[in-house]
Amino acid sequence: MTVAVVGAGLAGLACARRLQAAGRDVVVLEASDGVGGRVRTDRHGGFLLDRGFQVLLTGYPAAQAQLDLEALQLQPFRPGVVIQLDDGPTRLADPLRDVGAVAGGLTSPALTVADGVRLLALRASVQLPAGQRVAHRPQTTTLARLRRRGFSERVLTRFFQPFLAGVFFDEGLSTSSRMLELVFRSFFAGDVAVPAAGMGAMTQQLADRLAPDTVRLDTPVRAVEPGRVVLDDEVVEAEHVVVATDGPAAQQLLGEERLAIPPGRGTATLWWSAPASPVGAADLVLDGEGRGPVNNLAVMSDVAPTYAPRGRHLVCGSVVGVPEEGDAELDRLARQQLRGWYGTQVDAWELLRVDRIAWAQPRQDPSDLPSLARSVVVDEGLWVCGDHRDTASIQGALVSGRRTATAILSA
């Protein structure tokens, strides 16, 4: 059996690895000059710049099963978040992992004492049952589920809204409650971390485990059909063809009549070089007042010193959606906001790059998720995988790739 996989992102590489492990001949066709898809890291003047702000949740079961986490030299964030308010920053810690911060959390202006109790109840409700039971609970929107649990408007606007906007790129909390609960389950099950060599180290690790010459880079695909892939000057014949690109590219190759995908959610990320860290700790900082444009900020060199050259710090500001402003104006607006957080030191920052990612992940409203595992079959011998088939996450991409390979082996 010969299989052609189109796309060398997480899903495509996971699919190829499973097929090769079962003894199948596999070729992976990638249009760009490197593996990774949306999970890539670029070297820029001594800095490591991921393709947008990304993190790995070590609690993801698929990451534990398919990646060598120890070899990635993961660098964790501190448990909890810092919420930036008009009166200054306040830290909301994980009470089960930072006992010393419990008292401060109970008196935080970001939540009430009752909210703290409800957060512990939410934690128990997603951790104690089996994951499949959590995944099959009746759906509603995230906002409706949180309100039904009794959370105050204070914690909804100051914590949940900016935190989940950073996770789902969804400022209105319309994402399915299933995703809310599954993501919190993974957050509570492990660390939030980045590899020392950047997020692209994950996809590179998967690619390195494939047989030599499996992946063909700089190989754009023009069309796919059952049994064949059409390139610029070549036709690759295969018993099975797997389209493992992002949603829009997959739909373009397969056609709207054969593949329906939800709309995408986008993001922009600003990367700055700074002479000093404005945070001084491995913290995720949230915009608790909702003024933007920066929704969340992290000093990546505080988390992983390898992200910046000696004597410099790497500041990452994440925006929900893709702004209309050009890079210079977006940079000006972001500095104006962050000057209120950190003072005039932001004037010394150097803008390195702005990443604009129109389709960072598929929308995951309840109407988009009739099932968390949508069909990967397109036609006889023609398959599709990616986070638009499962959940919009590293977990979903890895699961989708492996699930598609298993279906091919059973065909």
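Residues numbered from 1 in each chain as written. Predicted model: local features only at pLDDT ≥ 70, side-chain atom pairs only at ≥ 80, totals over all residues. Heavy atoms only, no water.

A. Just the overall build of the protein chain, in detail. A tally of regular secondary structure across the protein chain gives 13 helices and 21 strands. For the protein chain, the C-alpha radius of gyration of 21 Å lies close to 22 Å, the compact-globule estimate for 411 residues. Oriented by its inertia axes, the alpha-carbon framework of the protein chain measures out at about 65 × 50 × 40 Å. Across the 411 residues that make up the protein chain, the buried fraction comes to 56%. Partitioning the intrachain contacts of the protein chain with sequence separation of at least 6 by distance along the chain shows that 73% fall at a separation of at least 24. Summed over its atoms, the accessible surface of the protein chain is roughly 16700 Å², and 50% of this surface lies on carbon and sulfur atoms. The protein chain carries 41 positive and 47 negative side-chain charges, and their two centres are separated by 7 Å. (Helix = DSSP H or I, 4+ residues; strand = E, 2+ residues; numbered from the N terminus. Rg over C-alpha atoms; globule rule 2.2 N^0.38 Å. Buried < 20%, exposed > 50% of the residue type's maximum accessible area, 1.4 Å probe, protein only. Contact = heavy atoms within 4.5 Å. Areas by Shrake-Rupley, 256 points an atom, 1.4 Å probe, with all protein chains shown as cover. Lys, Arg positive; Asp, Glu negative; His and termini not counted. Charge placed at Lys NZ, Arg CZ, Asp CG, Glu CD.)

B. How the structure looks around helix α10 (residues 247–254). Among all positions of α10, only Gly247, Ala250, Gln251, Leu253 and Leu254 are buried. Down the axis of α10, the sector holding all buried residues measures 165°, keeping them to one side. For α10, the secondary structure elements touched by its buried residues are β1 (2–6), β11 (221–225), β14 (240–243), β19 (350–362), β20 (377–379) and β21 (382–384). A distance of 3.0 Å separates the backbone nitrogen of Ala249 from a side-chain oxygen at the start of α10, and that oxygen is part of Asp246. After α10 finishes, the residue Gly255 shows a positive phi value of roughly 90°. (Arc of directions from axis to C-beta. Polar contact = N/O pair within 3.5 Å; in protein donor to acceptor, adjacent residues only side chain to side chain.)

C. Summary view of the sheet that holds strand β12 (residues 228–231). Strand order in this open sheet of three strands is β11-β12-β13, and the pairing throughout is antiparallel. With partners counted over all chains shown, the strands left at the sheet margins are β11 and β13 (235–237), one partner each. Ignoring which end each strand starts from, the neighbouring axes of this sheet average 20° apart. With three bridges connecting them, β12 and β13 associate as antiparallel partners. By the bridge assignment for β13, Val230 is matched with Val235. (Pairing = 2+ DSSP bridges. Axes fitted to C-alpha atoms, helices over the stretch in contact; angles between N-to-C directions.)

D. Here's a closer look at the packing of helix α1 (residues 10–21) against helix α13 (residues 394–410). At a minimum axis distance of 7 Å, the contact between α1 and α13 shows a crossing angle of 35°. The hand of the α1/α13 crossing is right-handed. Between α1, through Leu10, Ala11, Ala14, Cys15, Arg18 and Leu19, and α13, the contact on the second element is made entirely by Ile394, Ala397, Leu398, Gly401, Arg402, Thr404, Ala405, Thr406, Ile408 and Leu409. Here the residues of the contact of α1 with α13 sort into eleven nonpolar, three polar and two charged. (Left-handed = near helix turned anticlockwise from the far one by under 90°. Nonpolar A, V, L, I, M, F, W, Y, C, P; charged D, E, K, R; others polar.)

E. Spatial organisation of the pairing of β12. The sheet contact formed by β11 and β12 spans four bridges and is antiparallel. Paired with Glu225 across the bridge in β12 is Arg228. A loop of two residues connects β11 with β12, the two strands running antiparallel in sequence, and Gly227 in this loop sits at a positive phi of about 90°. Hairpin remark: β12 followed by β13, antiparallel, with three residues in the connecting loop.

F. Looking closely at the pairing of strand β15 (residues 264–274). Of all eleven residues that make up β15, ten are buried, and the element is covered over most of its length. Relative to β19, β15 is paired through nine bridges, and the arrangement is antiparallel. What sits directly across from Thr269, in β19, is Asp355.

G. Layout of the nonpolar core. Residues Phe159, Phe160 and Met300 are the most contacted members of the largest nonpolar core, which totals 87 residues. Other than its neighbours up to four places away in sequence, Phe160 contacts Leu119, Leu122, Leu146, Phe151, Val155, Ala165, Leu173 and Phe184. Residues Ala4, Val6, Val236 and Leu259 belong to the second largest nonpolar core, which totals 21 residues. (Core = buried A, V, L, I, M, F, W, Y, C linked by side-chain atoms within 4.5 Å.)

H. Structural context of the packing of α1 against helix α9 (residues 200–208). Contact geometry of α1 with α9 gives a least axis separation of 9 Å together with a crossing angle of 25°. The pairing of α1 with α9 is recorded here as roughly parallel in orientation. Viewed along their axes, α1 and α9 form a crossing whose handedness is left-handed. Across the interface between the two elements, Leu10, Leu13, Ala14 and Arg17 of α1 pack against Thr203, Leu206 and Ala207 of α9. The class makeup of the residues in the contact of α1 with α9 is five nonpolar, one polar and one charged. (Parallel < 35°, antiparallel > 145°, perpendicular 65-115°, else oblique.)

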